[in-house]
Structure formats: structure tokens, C-alpha cells
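In case you want the letters, here they are:
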Amino acid sequence: MTTDKINKDENLNVLALEDSARDFELIKEQLIDAGYILTIERVETENAFTDCLRTNPYDIILADFKLPGFDAFSALRIRNEICPDTPFICVSGSIGEETAVDMLKSGAMDYVIKDRPDRLPFAIDRALDEAREKKIRKQNEAELQKVTTAVEQAGEVIFITDPDGIIQYVNPAFTTVTGYSREEIVGQNPRLLKSGKQDQAFYQDLWGTIASGRTWKGLLVNKRKDGALYTEDATISPVKDTSGRTRNYVAVQRDITEFLRIEEERAKLQDQFHQAQKMEAMGTLAGGIAHDFNNILFPIIGHADMLLDDIPKDSPVRKSLEQIHTGALRARELVHQILAFSRQEKNELARMKIQPIVKEALKLIRSTIPTTIAINQRLHSSCGPVKADPVQIHQIIMNLATNAYHAMVETGGTLTVSLNEIQVESSDPVSPDLQPGTYACLSVADTGTGMDKETAEKIFDPFFTTKKRGKGTGMGLSVVHGIVKAMNGTIQVQTEPGRGTAFHLFLPVAENGAAENTPLIKEPLVGGSEHILLVDDEKPVIAIEKQLLSRLGYQVTGCTGSIEALEMFSADPDRYDMVITDIAMPKMSGDKLAGELLKIRSDIPILLCTGFSETMTDEKMAAIGVKGLLMKPFVINDLDKKLRKIFG
């Protein structure tokens with residue numbers, strides 16, 4: 001290999017297939033004279049030619065037509081296999097026109113007769129120019145293919161329109177998202193996708209932006225072929241030629257419908273979490289209020305209970321005293337409702353007639369809603385008892401009536417509550433989800449705004465509400481639904497926008513037997529003479545408890561502190577036949593006190609008293625070793641029964 005350099009921009013790397021050393025030198029001189037910075041290598045055989053092409057890149061190949069055992073056609077075939085883009089020029093002493101044409105058809109870029117060496121530089125320049133153009137063209141084609149492949153395989157919708165907005169191209173993602181095939185959409189205007197969710201001003205702004213040569217970005221709500229709506233994050237840009245004139249518009253759009261749904265669900269869950277935290281805090285607060293309220297009620301109920309036993313039946317103050325006693329008992333039931341709300345009291349189902357509970361709840365409702373809303377009661381006394389919890393029945397009425405009030409608050413109307421006993425047959429088309437049998441049908445109907453079908457399908461979902469923020473928790477109807485299901489009942493809803501709403505609750509009528517809320521004859525007191533250590537940190541409470549126990553005949557030693565009680569018991573454990581202690585006390589709780597007492601004397605009967613049973617379960621009482629739990633405020637009969645059950 002030889003290298004000659006002169007002052008010329010191009011450095012030409014040449015492979016010469018030439019068996020004549022003299023002709024090679026002539027070619028070399030001609031190229032040097034033409035001003036090339038030349039790197040040139042000569043080979044004579046097929047093997048040497050092949051090896052050079054495999055190991056070195058060349059700018060051009062100059063080949064004699066005929067060599068011993070080898071010719072230019074064979075050299076072209078080898079070139080085509082190894083480096084088809086390298087320019088090939090045949091340089092021959094003599095070549096016929098037909099042969100020259102065949103050479104060009106086989107891939108040669110030119111041929112030069114050795115008698116005209118002055119043509120060689122021009123042939124080389126032209127061949128190199130054509131090679132460069134071909135290389136650029138192939139690069140452009142490759143880049144275009146990359147772009148085309150990327151656009152075709154992109155997950156985003158991409159389509160191109162002419163300056164008038166007529167669609168000229170859409171990628172496969174367009175069909176996936178919209179449902180329209182290329183054949184259906186090409187030649188159409190994108191207005192085919194309009195959903196009607198954006199007004200004319202919106203589209204005027206969009207077209208004004210891109211018509212001015214700027215890119216528009218924003219959200220589009222479009223309509224698929226099947227009519228479903230979807231939301232896209234869109235970018236629409238003008239495509240300009242070299243003169244700056246807009247030739248096309250290209251739109252790139254990402255379907256974010258699912259993303260928005262997930263975000264909405266996430267926001268809803270976050271809102272539900274915050275609402276649940278608020279409910280938990282309210283429950284804790286309610287439990288604390290109930291505990292304090294019980295301590296206030298206890299002396300009222302206890303003293304009223306004893307006074308009713310003491311005064312004559314014809315006493316002029318008896319009626320007033322009975323009202324005090326009844327009001328205090330109603331307040332106790334209200335505390336039970338608060339405790340149920342705060343999830344600190346278990347709800348047990350008992351056989352009862354619910355008419356009195358419904359009436360009581362409606363009295364409370366009447367005092368809290370405006371007189372523009374009338375209340376009608378249609379409670380048939382013949383309707384049989386159901387297995388229910390009175391607090392839950394009260395809760396059902398309060399929730400449904402409150403919902404009805406909100407539906408009529410602006411216009412007024414009528415709230416109708418009815419109770420009937422119905423018989424459901426095996427093939428009842430009105431109530432296909434009910435098992436055959438007898439049911440108490442409790443209906444709460446209003447003449448308010450009503451609901452559409454879509455809203456009605458969601459009303460029992462937890463946290464779903466149609467009220468404004470801060471006006472409702474979305475828990476009322478889900479609580480009602482849970483209570484009814486726990487009673488093996490079902491709920492049906494009839495509603496229509498502008499026509500009001502009616503909730504029909506079907507509760508199974510209980511089998512024959514005395515209902516628990518049927519008035520019973522007051523049982524005589526039994527009492528006893530045992531010595532009881534009484535512990536409670538509230539002085540008014542311990543005072544009434546001592547009076548009740550003394551009235552029953554028991555000896556009572558009172559103590560207002562758990563530490564003091566432990567010391568007294570430790571000093572003389574055999575002095576006491578039983579210990580009655582409150583649970584919630586400072587320094588040492590009642591259950592812990594019970595554990596310490598049992599360490600001293602394992603056979604001492606212990607009765608726990610509390611205004612709420614948040615943490616005290618049957619399992620925990622059994623583990624401690626106490627004999628029972630009595631809920632405050634209690635009446636003297638409840639206390640007497642519990643004590644005689646423990647003493648046996």
C-alpha cells in the first residue's frame with residue numbers, strides 16, 4: 001500500500017484490481033494529478049481482492065475488466081456480497097458497448113477506457129457524489145422508517161390532518177382508543193369525535209392557537225365509536241415547510257380516562273379515610289360523654305326508684321315522680337344509643353313489638369324538624385313482634401327520617417311512617433328477594449326531591465352521600481342496611497326524581513312467645529345480708545349504690561379510691577363477702593384492682609360496674625376471674641337479680 005498527499009480536501013482510499021503494474025502507475029499518476037490525497041492499494045487475484053474488501057473500507061474500487069482467471073463481473077459479485085455501497089468503476093483497455101451496459105446493470109457505476117485516462121477523475125467524482133447521495137438517501141429512509149415504526153407502535157393516539165383539518169393519517173392506537181378504523185376515519189374531520197362536553201368557545205380557542213402557528217395543549221373529552229366518552233391529554237402542533245407555511249397539523253393524544261378514574265377513586269378513598277377518622281374521634285367523644293352522663297343519671301334513677309317504692313300510690317307527687325323516673329329511663333336509653341354509635345356496646349336481638357320504639361323516635365324527630373314538614377303515623381297494633389335491638393330500631397327511624405327531612409327541607413312536605421304485617425308467598429313478584437313467610441313491613445316515605453336510578457343504586461354504599469360537604473357522612477343508609485341484613489330482613493327502595501322516596505323494610509315476624517317489651521309485673525326483691533366492699537371514684541354514684549344495697553339488706557363499706565380499697569381489703573380479706581367496683585377509676589382501674597384482690601383471696605366474688613364496656617369482654621372477665629358485669633345506671637331490681645345470681 002502506498003500513500004501520496006497533496007493539498008486537496010478529499011482523502012481518497014482506492015482499491016485497484018489491476019494485473020498490469022504499468023497501467024496501475026498510470027492510474028495512480030492520473031489521480032494524483034487530479035489533486036486527490038490518495039491511499040491506493042493494488043491486488044491481482046480473486047482471493048486478494050476478497051480479503052481486502054473484508055478487512056478494509058474503501059471509498060472506490062477501480063477494476064480492470066479482464067485478469068488471468070478472473071474478470072470484472074466476478075469482482076462485482078464479490079463487491080455486491082461484501083460492500084454493495086462501495087462505488088465500482090471498470091477501467092479497461094477495450095470493452096464493447098454491450099458488455100459495458102451489462103456491467104452497469106450488474107452494479108458498476110461507470111466504465112473508463114484506458115486510452116482516455118483523463119476521464120477517470122470525472123468518473124470518480126461522479127461516482128463518489130452518487131454514492132454520497134445514495135448514502136444520505138438510505139440514512140433518511142432509515143430514519144423515516146424509525147419514525148414510522150415509532151408512530152405506528154406508539155401507545156398514544158397520533159393523527160395528521162391537512163390545513164383544513166381533514167384527517168390524512170392515523171396510527172393503530174387511534175383505532176384502539178376510538179374504535180374507528182383507518183378506512184373509516186381518513187378523509188373525515190376530527191369533529192366526528194366531538195362529545196358535546198366542550199362549547200364552541202373552547203374549539204375557537206383551539207383553532208385560533210394552532211392557526212397562529214402555536215402549539216395547543218389541553219384536555220379533550222371525546223366520544224368513541226360506541227358512544228362512550230373518554231378524556232385525552234392532547235397536544236396539537238402545526239407542521240410547516242421551509243417557507244414557514246403550515247402544511248399539516250399533527251395531534252398527539254394520551255387517553256387518561258382510566259388514570260382519572262383511579263385518581264378519583266384514590267381521592268374518594270382518602271376522603272373516606274378522613275371521614276372514618278372523624279367518625280372514630282366522634283365515637284371516642286361519644287363514649288366519654290355517655291360515661292359522664294351515666295354518672296349523672298344514676299342518682300336520679302336510683303332515688304326515683306326508691307321514692308316510688310316508698311310513697312303511697314295515691315300520693316299527689318307520685319305522678320310527677322313517675323314522670324321524672326320515665327324521663328331518666330329515656331335518657332338512659334339515649335345513652336345506650338350513644339354507646340352503640342361509638343361501638344362500645346354490643347347489640348343483642350330480643351323478641352319485641354317495635355311500635356312503641358317507632359313512636360318514641362318520631363316524637364324526637366318531631367321536635368327537631370320544622371313544622372313545614374308534616375309527620376303521619378300509620379302503625380298497626382296488629383303487626384307482630386320481631387327479633388330486634390331497640391336501639392337499632394330507633395337508629396333506623398332516625399336515619400331514614402333525617403334523610404327524608406333533607407329531601408324536603410327547602411320545599412316542605414310530608415313524612416309518612418307506617419307499619420303493617422304482610423304475608424310473602426313463594427312466587428311474590430313484588431318481593432322476589434324475600435323468603436316466603438310473615439314480615440313486619442316498616443315504611444318511611446317522603447314527598448321530597450327523589451332520586452334517579454343511578455343515585456338509587458349507590459345509596460347503601462358506605463360514605464356515599466348526595467349532601468353537600470359537611471352536611472352528611474354517607475354512613476346513615478349503609479348502617480340501616482347493615483342492621484336490616486343482620487335481622488335477616490331486606491330493604492326495597494321506590495324513588496323517582498321529583499316524586500319522593502319510600503324505603504320499605506321487611507323484618508321477619510318472630511315466632512309465638514311473649515315480647516320482651518310487654519309490661520311485666522315487678523318482681524319482689526330478695527336481698528341479702530352479706531358484707532360488700534363497694535368501690536367507685538364518683539361520690540354521688542357510690543352514695544346511691546350504698547343506699548340501694550342497704551335497702552336490699554346488705555352491709556356496705558364504701559371506698560372512693562382503688563388504692564385505698566386494696567389497702568382495706570389487704571388488711572382484713574375475710575371481712576368481705578363480695579367486692580363491687582367501678583372499672584374506670586384513676587391510679588388503678590377496676591379490672592386491675594380485681595386482679596390484685598384475687599391474688600390476696602382467690603375465692604372472693606367480684607362484680608364489675610361500668611357506664612360503658614369498651615374494653616371489657618366476656619373473655620377478659622373470665623381471664624381475670626370476676627363473676628359478672630353490671631351496666632350503670634341500673635335500677636334496684638337489676639342489682640338484686642345480679643347479686644343473688646352470684647351468691648346463689
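### Here we look at the sheet that holds strand E9 (residues 157–161)
So, step 1. Here we have five strands laid out as an open sheet, ordered E10-E9-E13-E12-E11, and antiparallel in their pairing. Since the sheet does not close on itself, it has two edges, and those belong to strand E10 (167–170) and strand E11 (216–223), each with one partner. When the angles between neighbouring strand axes are averaged without regard to direction, this sheet yields 30°.
So, step 2. Where E11 lies against strand E12 (residues 229–240), eight bridges are found, and the strand directions are antiparallel.

### Details of the sheet that holds strand E19 (residues 490–496)
So, step 1. Ordered by their spatial adjacency, five strands build an open sheet running E15-E17-E18-E20-E19, and the pairing between neighbours is mixed. The sheet is open, and its two edges are formed by strand E15 (373–379) and E19, each paired on a single side. With strand direction ignored, the average angle separating the axes of adjacent strands in the sheet is 15°.
So, step 2. Direction of pairing for strand E17 (residues 413–424) relative to strand E18 (residues 437–446): antiparallel, over a ladder of ten bridges. Paired with Ser-418 across the two strands is Ser-443, which belongs to E18.
So, step 3. Of the strands in this sheet, E15, E17 and E18 are in contact with helix H11 (residues 355–366), which crosses E15 at around 175°.
So, step 4. Relative to the sheet, helix H12 (residues 390–408) contacts E15, E17, E18 and strand E20 (500–508), its axis offset from that of E18 by approximately 35°.

### Quick notes on the packing of aromatic side chains
So, step 1. This model, assessed by the stated rule, comprises nine aromatic pairs.
So, step 2. With 5.9 Å between their ring centres and 80° between their planes, Phe-65 and Phe-73 make a pair best called edge-to-face.
So, step 3. Phe-73 gets classed as partly exposed once you look at its relative accessible area, which sits at 21%.
So, step 4. Each ring, one from Phe-569 and one from Tyr-576, has its centre 6.0 Å from the other, and the planes form 20°; the classification is stacked. Assigned by exposure class, Phe-569 and Tyr-576 land together as buried.

### So, helix H3 (residues 72–82)
So, step 1. Ala-72, Ser-74, Ala-75, Leu-76, Ile-78 and Arg-79 are the residues of H3 that are buried.
So, step 2. Each element contacted by the buried residues of H3 is listed here: strand E2 (11–17), helix H2 (46–55), strand E4 (60–63), strand E6 (70–71), strand E7 (88–92) and helix H4 (97–106).
So, step 3. By the N-cap criterion, in which a side-chain oxygen at the helix start approaches the backbone nitrogen of a residue two or three places on, H3 is capped by Asp-71, the distance to Phe-73 being 3.3 Å.

### Some remarks on H11
So, step 1. Counted at 1.5 Å a residue, the expected span for H11 with its twelve residues is 16 Å, and the 16 Å between its end C-alpha atoms agrees.
So, step 2. Listing the buried residues of H11 in full gives Gln-355, Ile-357, Val-358, Ala-361, Leu-362 and Ile-365. Mapping the buried residues of H11 onto a view down its axis gives an arc of 160°, with all of them on the same face.
So, step 3. Looking at the buried positions of H11, the neighbouring elements they touch are strand E14 (350–352), E15, H12, E17 and E18.

### Here we look at the pairing of E9
So, step 1. Most of E9 is tucked away, with four of its five residues classed as buried.
So, step 2. Count of turn residues in the E9/E10 antiparallel hairpin: five residues, of which Gly-165 carries a positive phi of about 90°.

### Considerations on the packing of H11 against H12
So, step 1. Between H11 and H12, whose axes approach to 9 Å, the crossing angle comes to 40°. When the axes of H11 and H12 are compared, the pair comes out oblique. Where H11 crosses over H12, the two elements pack in a sense that is right-handed. Counting all contacts with H11, which are made through Ile-357, Val-358, Ala-361, Leu-362, Leu-364 and Ile-365, the residues of H12 involved are Pro-390, Ile-393, His-394, Ile-397, Met-398, Ala-401 and Thr-402.
So, step 2. Along the lines of polarity and charge, the residues of the contact of H11 with H12 split into eleven nonpolar, two polar and no charged.

### A word on the environment of Phe-569
So, step 1. One can find Phe-569 in helix H16 (residues 562–571).
So, step 2. Taking the C-alpha atoms as reference points, Phe-569 and Leu-597, separated by 28 residues in sequence, lie 7.4 Å from one another.
So, step 3. Dropping the residues within four chain positions of it, Phe-569 is found in contact with Leu-533, Tyr-576, Val-579, Leu-597, Ile-600, Arg-601 and Ile-604.

### With respect to unusual backbone geometry
So, step 1. For the peptide bond that leads from Lys-632 to Pro-633, omega is -5°, which places it in the cis range.
So, step 2. Residues other than glycine seldom take positive phi values, yet Asn-488 does so here, at roughly 65°.
So, step 3. Take Asn-488: it is sitting in the loop between helix H14 (476–486) and E19.
So, step 4. Located in the positive-phi region is Lys-587, a residue other than glycine, with phi close to 70°.
So, step 5. The residue Lys-587 is located in the loop between strand E23 (578–582) and helix H17 (590–600) in this model.

### Focus: the nonpolar core
So, step 1. In this structure, Val-358, Ile-393, Ile-396, Leu-415 and Leu-505 are the most contacted members of the largest nonpolar core, which totals 39 residues.
So, step 2. Per-element accounting of this core gives the leading share, seven residues, to H12.
So, step 3. In this structure Ile-396 touches Leu-442, Val-480, Ile-483, Val-484 and Leu-505, once residues within four positions along its chain are discounted.

### Topic: a nonpolar patch on the surface
So, step 1. Taken together, Ile-296, Ile-300 and Ile-324 make up a surface patch of nonpolar side chains, about 270 Å² in accessible area.
So, step 2. Note on Ile-300: relative accessible area 38%, which makes it partly exposed.

### What to know about the side chain of Asn-189
So, step 1. One can find Asn-189 in the loop between helix H7 (182–185) and helix H8 (200–211).
So, step 2. Judged by relative accessible area, which is 16%, Asn-189 ranks as buried.
So, step 3. Residues within four places of Asn-189 in sequence aside, it is in contact with Asp-164, Gly-165 and Ile-166.

### Regarding the environment of Gln-198
So, step 1. Along the chain, Gln-198 turns up in the loop between H7 and H8.
So, step 2. Overall, the relative accessible area of 15% leaves Gln-198 in the buried class.
So, step 3. Sequence spacing of Gln-198 and Val-221 is 23 residues, and the spatial spacing of their C-alpha atoms is 7.4 Å.
So, step 4. In contact with Gln-198, not counting residues within four places along its chain, are Tyr-203, Leu-219, Leu-220 and Val-221.
So, step 5. A distance of 3.4 Å separates a polar atom in the side chain of Gln-198 from a polar atom in the side chain of Tyr-203.

### A word on the pattern of salt bridges
So, step 1. Enumeration over the complete set of coordinates arrives at 26 salt bridges.
So, step 2. With a closest N to O distance of 3.3 Å, Asp-85 and Lys-138 form a salt bridge. Here Asp-85, found in the loop between H3 and E7, pairs with Lys-138, found in helix H5 (residues 120–153); they are 53 residues apart in sequence, far enough to count as distant.
So, step 3. On the accessibility criterion, Lys-138 (41% relative accessible area) is partly exposed.
So, step 4. Linking Arg-261 and Glu-258 is a salt bridge whose minimum nitrogen-to-oxygen distance equals 2.6 Å. Of this pair, Arg-261 and Glu-258 both sit in helix H9 (residues 257–310), three residues apart, which is roughly one turn of the helix.
So, step 5. Relative accessible area serves as the criterion here: at 43%, Arg-261 is assigned to the partly exposed category.

The rules behind each value
- Residues numbered from 1 in each chain as written.
- Predicted model: local features only at pLDDT ≥ 70, side-chain atom pairs only at ≥ 80, totals over all residues.
- Heavy atoms only, no water.
- Pairing = 2+ DSSP bridges.
- Helix = DSSP H or I, 4+ residues; strand = E, 2+ residues; numbered from the N terminus.
- Axes fitted to C-alpha atoms, helices over the stretch in contact; angles between N-to-C directions.
- Contact = heavy atoms within 4.5 Å.
- Phe/Tyr/Trp six-rings, centres within 6.5 Å; stacked < 30°, edge-to-face > 60°.
- Buried < 20%, exposed > 50% of the residue type's maximum accessible area, 1.4 Å probe, protein only.
- Polar contact = N/O pair within 3.5 Å; in protein donor to acceptor, adjacent residues only side chain to side chain.
- Expected span 1.5 Å × (residues − 1).
- Arc of directions from axis to C-beta.
- Parallel < 35°, antiparallel > 145°, perpendicular 65-115°, else oblique.
- Left-handed = near helix turned anticlockwise from the far one by under 90°.
- Nonpolar A, V, L, I, M, F, W, Y, C, P; charged D, E, K, R; others polar.
- Core = buried A, V, L, I, M, F, W, Y, C linked by side-chain atoms within 4.5 Å.
- Patch = residues over 30% accessible without salt bridge, like charges linked within 9 Å, V, L, I, M, F, W, Y side chains within 5 Å.
- Areas by Shrake-Rupley, 256 points an atom, 1.4 Å probe, with all protein chains shown as cover.
- Salt bridge = Lys/Arg side-chain N within 4 Å of Asp/Glu carboxyl O.

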